[in-house]
Amino acid sequence: MRGRDPDLADHLQRLDAQAAEFGLYLGLPQHEATLLGIGAGIHDIGKLCINEHVLNKPSRLTSAEFFFIKQHPMAGYQLLAPLELDQRVTDCVLHHHENYDGSGYPHGLAGENIPLFARIVRIWDSYDAITMNRPYHKGRSSSEALAILQKDKALYDPALLGSFTDMMSAAPSM
């Protein structure tokens, strides 16, 4: 990943550490927090199958380009399937773009039907995307990111988003 897209590799490395720490904050046992970190650290592996010009396009994606981007969760899941990893890890890869209100992809899952680890990665993935500089936008501050997540709260598990906000407010350096 680092050789192809250093920014994406950095994103995955941040999510690995941050999601695992959040898992501990939520009270998950160390083993489960570690699995959560692993899932978060590979959740975008399917982007290896997406043209890098599309991934790094500095302007708005066309509908066809967005269609291809939306294939990365399934592509990642298929890449990992032969490895027979813990299902919670592969759930992060497959379901990290599912929205709590059912508007996400690839399966349009809603609420508690979205696996817990994927619901956690969904929040961290969004937060990191908002706060980091990307080809298509300048990174926002942590407080701005938290406000955006609250504005879009229908997309996220409300209890997890509340805990996330509490943790981030207590440790603004993340």
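Going by the structure above, here's the rest.
A quick note: this is a predicted structure, and the numbers were derived from the prediction, not measured.

Chemist: I keep staring at the packing of aromatic side chains and nothing clicks. Help me out?
Modeler: Under the counting rule described, the total for this entry stands at eight aromatic pairs. With a centroid separation of 5.3 Å and 70° between ring planes, the pair formed by Tyr127 and Phe164 is classed as edge-to-face. In this pair, Tyr127 sits in helix H7 (residues 116-131) while Phe164 sits in helix H9 (residues 158-170), placing the two residues 37 residues apart along the sequence. Relative accessible area serves as the criterion here: at 2%, Tyr127 is assigned to the buried category. Taken together, the ring pairs in this structure connect Phe22, Tyr25, Trp124, Tyr127 and Phe164 into an aromatic cluster.

Chemist: Could you clarify how one ought to interpret the packing of helix H1 (residues 6-26) against H7 in this entry?
Modeler: Relative orientation and spacing of two packed helices are given, respectively, by the angle between their axes and the distance between those axes. Close contact between H1 and H7 brings their axes to 10 Å; oriented N to C, the two are set at 130°. As far as their axial angle goes, H7 and H1 are oblique. In the crossing of H1 with H7, the sense of the turn from one axis to the other is right-handed. Residues His11, Arg14, Leu15, Gln18, Ala19, Phe22 and Leu26 of H1 touch H7, and the partners they reach there are Ile120, Val121, Trp124, Asp125 and Asp128. Its residues assigned to classes, the contact of H1 with H7 shows seven nonpolar, two polar and three charged.

Chemist: Can you walk me through the pattern of salt bridges in this structure?
Modeler: A complete count under the given rule lists eight salt bridges for this structure. Here Glu112 ties to Arg119 by a salt bridge, and the two come within 3.6 Å at their closest N and O atoms. According to the relative accessible area criterion, Glu112 is exposed, its value standing at 58%. The class of Arg119 is buried, set by a relative accessible area of 10%. The salt bridge involving Lys151 is made with Asp152; its shortest N-O contact spans 3.4 Å. Judged by relative accessible area, which is 65%, Lys151 ranks as exposed. Of the residues examined, Asp152 reaches a relative accessible area of 26% and is grouped as partly exposed.

Chemist: Just checking my understanding: could you explain the nonpolar core for this structure?
Modeler: One recurring pattern in soluble globular proteins is that nonpolar side chains are buried together. Grouped together as the largest cluster of nonpolar side chains are 25 residues, with contacts concentrated most on Leu36, Ile123, Trp124, Tyr127, Leu149 and Phe164. Among the elements of the structure, H1, helix H2 (30-42), helix H6 (87-95), H7, helix H8 (142-151) and H9 are those that each provide at least two residues to this core. Among the elements that make up this core, the one with the highest residue count is H7 (seven residues). Setting aside anything within four residues of it in sequence, one finds Ile123 in contact with Leu149, Tyr156, Asp157, Leu160, Leu161 and Phe164.

Chemist: It is not clear to me how the layout of surface pockets should be interpreted in this structure. Could you clarify?
Modeler: Remark: the empty space left among the atoms is shown by a probe the size of a water molecule rolled over them. Reported here for the largest pocket is a volume of approximately 1200 Å³. Of all elements in the fold, only H1, helix H3 (52-55), helix H4 (63-69) and H7 reach the threshold of two or more residues within the lining of the largest pocket. Residue classes in the lining of the largest pocket are distributed as 15 nonpolar, eight polar and 14 charged.

Chemist: Explain the environment of Gly27 here, please?
Modeler: Mapping Gly27 onto the fold places it in the loop between H1 and H2. Among the residues examined, Gly27 registers a relative accessible area of 58% and is labelled exposed. As a C-alpha pair, Gly27 and Ile45 span 18 residues in sequence and 27 Å in three-dimensional space.

Chemist: Just checking my understanding: could you explain the packing of H1 against H2 for this structure?
Modeler: The interhelical angle for the contact between H1 and H2, taken along N-to-C directions, is 155°, at an axis separation of 7 Å. Between H1 and H2, the interaxial angle falls into the category roughly antiparallel. Relative to H2, H1 is oriented so that their crossing is right-handed. Two secondary-structure elements touch here, H1 through Leu12, Leu15, Asp16, Ala19, Ala20, Gly23 and Leu24 and H2 through Gln30, Ala33, Leu36, Gly37, Ile38, Ala40 and Gly41. Broken down by class, the residue content of the contact of H1 with H2 amounts to nine nonpolar, four polar and one charged.

About the thresholds
Residues numbered from 1 in each chain as written. Predicted model: local features only at pLDDT ≥ 70, side-chain atom pairs only at ≥ 80, totals over all residues. Heavy atoms only, no water. Phe/Tyr/Trp six-rings, centres within 6.5 Å; stacked < 30°, edge-to-face > 60°. Helix = DSSP H or I, 4+ residues; strand = E, 2+ residues; numbered from the N terminus. Buried < 20%, exposed > 50% of the residue type's maximum accessible area, 1.4 Å probe, protein only. Axes fitted to C-alpha atoms, helices over the stretch in contact; angles between N-to-C directions. Parallel < 35°, antiparallel > 145°, perpendicular 65-115°, else oblique. Left-handed = near helix turned anticlockwise from the far one by under 90°. Contact = heavy atoms within 4.5 Å. Nonpolar A, V, L, I, M, F, W, Y, C, P; charged D, E, K, R; others polar. Salt bridge = Lys/Arg side-chain N within 4 Å of Asp/Glu carboxyl O. Core = buried A, V, L, I, M, F, W, Y, C linked by side-chain atoms within 4.5 Å. 1 Å grid on protein atoms, 1.4 Å probe; cavity = no way out; pocket = protein on both sides within 12 Å on 5 of 7 lines; lining within 4 Å. Points joined across faces, edges and corners; volume = space filled by probe spheres on them.

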